[in-house]
Amino acid sequence: MQNEARTIKVYWIQAQAPRRVLALVKHLGIEAEFVHLDLAELKKPDYARLNPNMKAPTIVDGDTVLWESNAIMAHLCVKTGSKMWPADNPEEQIQVMRWLAWNDCHWARAVGDFYFEHIVKVGFGAAPDRELLKTKVDDARRFGKVLDDHLAGRDYVACRRLTIADFALASMATDWREAEMPFAEFPNVVRWLDGLMRIPAWADPWPSR
Ligand SMILES: N[C@@H](CCC(=O)N[C@@H](CS)C(=O)NCC(=O)O)C(=O)O
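Read on for an overview of the structure. This is a predicted model, so every value here is computed, not measured. (Residues numbered from 1 in each chain as written. Predicted model: local features only at pLDDT ≥ 70, side-chain atom pairs only at ≥ 80, totals over all residues. Heavy atoms only, no water.)

1. Overview of the site of the ligand
- Lining the immediate environment of the ligand, one finds 14 residues, of which K43, K55, A56, E68 and S69 sit closest.
- E68 places a side-chain nitrogen or oxygen 2.8 Å from a nitrogen atom of the ligand.
- Contacts to the ligand include S69, whose side-chain N or O atom sits 2.6 Å from an oxygen atom.
- Here the ligand, which alone exposes 510 Å², has 74% of that area covered by the protein. (Near = heavy atom within 4 Å. Polar contact = N/O pair within 3.5 Å; in protein donor to acceptor, adjacent residues only side chain to side chain. Areas by Shrake-Rupley, 256 points an atom, 1.4 Å probe, with all protein chains shown as cover.)

2. A word on the environment of P90
- The residue P90 is located in helix 5 (residues 90-123) in this model.
- Measuring from C-alpha to C-alpha, the distance between P90 and M197 comes to 29 Å, with 107 residues separating the pair along the chain. (Helix = DSSP H or I, 4+ residues; strand = E, 2+ residues; numbered from the N terminus.)

3. Considering unusual backbone geometry
- The amide bond that connects A56 to the next residue, P57, takes the cis arrangement and shows omega of 15 degrees.
- Secondary-structure assignment places P57 in the loop between helix 3 (45-50) and strand 3 (58-61).
- Non-glycine residue M54 carries a positive phi angle of around 60 degrees.
- Among the secondary structure elements, M54 is positioned in the loop between helix 3 and strand 3.

4. Some remarks on the packing of aromatic side chains
- Scanning the model with the defined rule gives nine aromatic pairs in all.
- Aromatic side chains Y11 and Y47 sit 5.7 Å apart centroid to centroid with 55 degrees between the ring planes, which places their arrangement in the tilted category. Placement of the pair is Y11 in strand 1 (residues 8-12) and Y47 in helix 3, with a sequence separation of 36 residues. The exposure classification of Y11 matches that of Y47, with both residues buried.
- Ring geometry for W176 versus F183: centroids 6.3 Å apart, planes at 40 degrees, classification tilted. (Phe/Tyr/Trp six-rings, centres within 6.5 Å; stacked < 30°, edge-to-face > 60°. Buried < 20%, exposed > 50% of the residue type's maximum accessible area, 1.4 Å probe, protein only.)

Spatial relationships are all this shows, so hold off on functional conclusions.
This is the structure in structure tokens:
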């Protein structure tokens, strides 16, 4: 799998999970063909054969068809030898996996409604439901504090360097100000998110359509 020259296909929509993969492809300088889909195209049989969840992202890399953005990011790192997924270091893998799991079980759920109401819905021209979000503030603060405490004295969430865990955790929280996530009280979270935005591929991951 290492360093093969074939061009991968990346199926994407403009949303947080594809953002991780698109940013990584750009950051690692991987040659890729980008296939933009609309929401209706996600549900068509041709795409459902690649990704039965009918969601994005999906990649096709030779005979490998892969969905789930975190698995795709790990695959791309293995392919290019990037230490953003520490394939040859089990101790570091455990660190990265801890944060990927925490993201899926806690963080994404805590910030997801803010992201959905302010970024996704507003993107479709609908108004955010701020009454609903009032009920989500406690969880956002609870897990925001966990992350803030962890990031004290750290620039990245795992392994003291940029890993796929940073891209996974940041993908819904990047636009936290616009999404009115209650993170102004968490200086380490803000410093980390602002720091990621200085990575060109993270700040602007979107291919031209
Ligand atoms: N856990 C999946 C999430 C995939 C997912 O939910 N993708 C969303 C965009 S962030 C999507 O395709 N939404 C369109 C839809 O559900 O119709 C991953 O990380 O790849």
